[in-house]
Amino acid sequence: MLRIWGARSLAPIYPDNTNLPEPIGEAWLTGPECKIETGPLAGPLNQAWQKMPPEWRGTDFPSQPPSREFPLLVKFLFPTDQLSIQVHPDDAYARQNEAPGAVGKTEMWHVVSAKPGATLLLGLVSDVDREKFQSAIKQGGLEKFFVRLPVSPGDTFYVPSGTPHTIGAGMILCEVQQNSDLTYRLYDFHRVDAHGNPRELHIEKGMSVIDFAHRKGGKVMPVALPSANGAKEYLLLACPYFASERWDFSAPHQTNSDPAHFELLVILAGRGDIQWSGGSCSYRQGECLFIPANLGNFSVLPESPTSILCTYVPVISKIRDKLSRIGTPNSALKQVLFT
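The model shown is predicted, which means the values in this text are computed figures rather than measured ones.

Reading the values: rules and limits
Residues numbered from 1 in each chain as written. Predicted model: local features only at pLDDT ≥ 70, side-chain atom pairs only at ≥ 80, totals over all residues. Heavy atoms only, no water. Helix = DSSP H or I, 4+ residues; strand = E, 2+ residues; numbered from the N terminus. Rg over C-alpha atoms; globule rule 2.2 N^0.38 Å. Buried < 20%, exposed > 50% of the residue type's maximum accessible area, 1.4 Å probe, protein only. Contact = heavy atoms within 4.5 Å. Areas by Shrake-Rupley, 256 points an atom, 1.4 Å probe, with all protein chains shown as cover. Core = buried A, V, L, I, M, F, W, Y, C linked by side-chain atoms within 4.5 Å. Pairing = 2+ DSSP bridges. Axes fitted to C-alpha atoms, helices over the stretch in contact; angles between N-to-C directions. Salt bridge = Lys/Arg side-chain N within 4 Å of Asp/Glu carboxyl O. Polar contact = N/O pair within 3.5 Å; in protein donor to acceptor, adjacent residues only side chain to side chain. Arc of directions from axis to C-beta.

On to the overall build of the protein. Regarding its fold elements, the protein presents seven helices and 24 strands. Taken over the C-alpha trace, the protein has a radius of gyration of 20 Å; the compact-globule value for 339 residues is 20 Å, and the two agree within 12%. Dimensions along the principal axes, computed over C-alpha positions, put the protein at roughly 65 × 45 × 40 Å. Within the protein, buried positions represent 51% of all 339 residues. For the protein, the proportion of contacts with a sequence separation of at least 24, taken over those separated by at least 6, is 71%. Carbon and sulfur atoms provide 51% of the accessible area of the protein, an area that totals close to 16000 Å².

Structure below.
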């Protein structure tokens with residue numbers, strides 16, 4: 001996706017994409033225009049989602065045909081400049097004020113890489129109210145009302161709908177979100193597009209959806225999951241729309257699909273092969289693989305140290321029960337489970 005704040009090199013995620021003629025800000029892996037490259041459902045992702053056998057989607061999904069849109073949008077972000085200060089609506093506001101079928105946008109960011117000093121703004125400080133915030137949109141100084149957070153590789157940030165935010169330069173993020181592109185731009189630092197025109201602002205809608213009463217979102221602390229053979233597995237966070245785990249390993253890694261839900265494996269680093277009963281495929285950095293819920297046992301065989309972000313649509317109560325059974329304290333559960 002072309003973005004005025006984007007990069008002209010997508011390395012190291014996509015090392016073949018350098019010296020680009022225009023700045024690319026986002027690489028969508030599961031968007032409306034994305035396609036499944038191989039397998040029996042190769043072709044447009046949304047069509048595959050409609051045709052998919054119920055046992056591929058998982059028992060947590062209705063057996064009847066699902067909604068038209070694939071439920072998760074996964075992308076890489078490549079900012080070389082400050083993004084606009086923005087906010088996203090929740091489902092209720094989107095249904096009432098946007099096109100039929102629109103949904104809100106809750107998201108998370110996982111930091112793949114970051115330069116020293118990289119920061120982002122996420123959520124509001126305690127002493128700002130609606131009047132002060134709206135005045136600063138007109139008069140300047142809006143940034144002082146935000147919580148500024150340093151960014152390091154491996155960090156994870158939760159961005160629920162209604163939470164204003166912006167991302168700074170000097171990082172690569174993997175973003176997982178509801179499949180929605182609804183963004184209300186509040187302030188754009190007086191920038192203009194390639195034609196010299198300022199980008200559209202959405203101040204009225206944005207002010208309508210900001211949650212000034214509750215300070216939600218921020219950096220989250222992952223919870224360790226059981227693992228073997230030197231692998232490290234963590235639950236990064238879980239909310240009603242998505243859950244994400246990170247897997248790091250250098251040796252062969254065996255795991256099982258969950259019959260309750262499909263999984264997406266986003267390759268953050270490394271390359272190798274995945275093998276299952278009756279088939280295999282290769283993987284490399286920057287790819288996204290769909291794991292059917294009924295796949296069963298499969299092995300990840302790395303040729304180089306591998307990091308994977310595994311994301312899926314969860315049932316929060318099931319995750320809570322699972323973590324409680326392995327002895328995760330309630331204080332840790334509150335850090336990663338958002339209802």
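Additional details are given in the paragraphs that follow.
Right, let's talk about the nonpolar core for a bit. Residues Tyr14, Phe76, Phe78, Val266 and Leu309 are the most contacted members of the largest nonpolar core, which totals 36 residues. Elements with a minimum of two residues in this core: helix H1 (45–51), strand E5 (72–77), strand E12 (171–178), strand E16 (232–238) and strand E19 (263–269). Core analysis: the next-biggest nonpolar cluster, separate from the first, contains 26 residues, Leu289, Cys310, Leu323 and Ala332 among them.

On to the environment of Gln47. Structurally, the position occupied by Gln47 is in helix H1. Its relative accessible area of 45% is what places Gln47 among the partly exposed residues. Once the C-alpha coordinates of Gln47 and Phe157 are considered, the two residues, 110 residues apart in sequence, prove to be 31 Å apart.

Right, let's talk about the sheet that holds strand E23 (residues 297–302) for a bit. Taken in spatial order, the four strands line up as E18-E23-E20-E21 in an open sheet, and their pairing is antiparallel. Edge strands, defined here as strands with exactly one partner in the open sheet, are strand E18 (253–256) and strand E21 (279–284). Neighbouring strand axes in the sheet, compared pairwise and without regard to direction, differ in orientation by 25 degrees on average.

The next thing to look at is the pattern of salt bridges. Tallying each qualifying case throughout the model produces 14 salt bridges. Linking Glu107 and Lys105 is a salt bridge whose minimum nitrogen-to-oxygen distance equals 3.8 Å.

A few words on the side chain of Arg199. Within the secondary structure, Arg199 sits in the loop between strand E13 (184–187) and helix H5 (203–209). Polar contacts involving the side chain of Arg199 include one to the side chain of Asp188, which spans 2.9 Å. Ignoring sequence-local partners within four residues, the contact set of Arg199 consists of Ile4, Trp5, Ser84, Arg185, Asp188 and Arg191.

This next bit is on helix H6 (residues 316–325). Those residues of H6 that fall on the buried side of the exposure criterion are Ile316, Ile319 and Leu323. Here the buried residues of H6 occupy an arc of 60 degrees about the axis, which is enough to place them on one side. Buried residues belonging to H6 abut strand E15 (223–225), E16, strand E17 (243–249), strand E24 (306–312) and helix H7 (330–336). With its phi angle positive at about 90 degrees, Gly327 sits one or two positions after the end of H6.

On to unusual backbone geometry, then. Across the chain, the bulk of peptide bonds are trans and the bulk of non-glycine residues have phi less than zero. Note that the residue after Ala11, namely Pro12, is joined by a cis bond; omega there is 5 degrees. Take Pro12: it is sitting in the loop between strand E1 (2–7) and strand E2 (26–28). Unlike most non-glycine residues, Asn229 shows phi in positive territory, near 60 degrees. Mapped onto the elements, Asn229 comes out in the loop between E15 and E16. With relative accessibility at 61%, the residue Asn229 sits in the exposed group.

Such coordinate-based values are descriptive only and should not be taken to indicate function.
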